[in-house]
Amino acid sequence: MKTVANSARHSDNKRYSAMAKFIHYMKNIAGKVALISGAARGQGAAEARVFVERGAKIIVCHVLDAEGEYTAADTGDSAAYIHLNVTSERDWQARRAGQ
């Protein structure tokens, strides 16, 4: 019989499983390249630094160019900045075309 407690425990197990997979992935990002949107400041910038600390190369993406360039420079040689509005089809097409 499914009880409220069992249902909550099952939900917690699913969340734990997803988190365990994420942690496993984060241990194995050395040599990978990550595009991090919203990385000019706040949580995105913090995530950019964690990725670099774990050996990944990153592309800092944001619409705030000065802050994004600063974050990329401050993060080190493993980071580069590109202007990217992730809600803009035109920006995605330009990035795909190498502009």
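In what follows, the accompanying structure is described. (Residues numbered from 1 in each chain as written. Predicted model: local features only at pLDDT ≥ 70, side-chain atom pairs only at ≥ 80, totals over all residues. Heavy atoms only, no water.)

## Focus on the pairing of strand 2 (residues 57-62)
Piece 1. Sheet analysis places strand 1 (residues 33-37) next to strand 2, joined by 5 bridges and oriented parallel. Bridging from a neighbouring strand, valine 33 pairs with lysine 57 of strand 2.
Piece 2. Traced from strand 1 through helix 2 (residues 42-53) to strand 2, the parallel crossover comes out right-handed.
Piece 3. As defined by bridge partners, strand 2 adjoins strand 3 (residues 79-83) across 5 bridges and the pair is classed as parallel. Paired with isoleucine 58 across the two strands is alanine 79, which belongs to strand 3.
Piece 4. On the question of chirality, the crossover connecting strand 2 to the parallel strand 3 by way of helix 3 (residues 65-75) is right-handed. (Pairing = 2+ DSSP bridges. Helix = DSSP H or I, 4+ residues; strand = E, 2+ residues; numbered from the N terminus. Right-handed = clockwise from strand over helix to strand, strands pointing away.)

## With respect to the sheet that holds strand 1
Piece 1. Strand order in the open sheet formed by 3 strands is 1-2-3, and the pairing between neighbours is parallel. The sheet is open, and its two borders are formed by strand 1 and strand 3, each paired with just one other strand. On average, each strand axis in the sheet is tilted by 25 degrees relative to the strand beside it, whichever way the strands run.
Piece 2. Contacts from helix 3 reach strand 2 and strand 3 within the one sheet, and its direction differs from that of strand 3 by about 170 degrees. (Axes fitted to C-alpha atoms, helices over the stretch in contact; angles between N-to-C directions. Contact = heavy atoms within 4.5 Å.)

## Brief notes about the pattern of salt bridges
Piece 1. Taken as a whole and assessed by the stated rule, the structure comprises 2 salt bridges.
Piece 2. Arginine 41 serves as the salt-bridge partner of glutamate 67, at 3.8 Å between the closest nitrogen and oxygen. One end of the pair, glutamate 67, is in helix 3; the other, arginine 41, is in the loop between strand 1 and helix 2, and 26 residues separate them in sequence. (Salt bridge = Lys/Arg side-chain N within 4 Å of Asp/Glu carboxyl O.)

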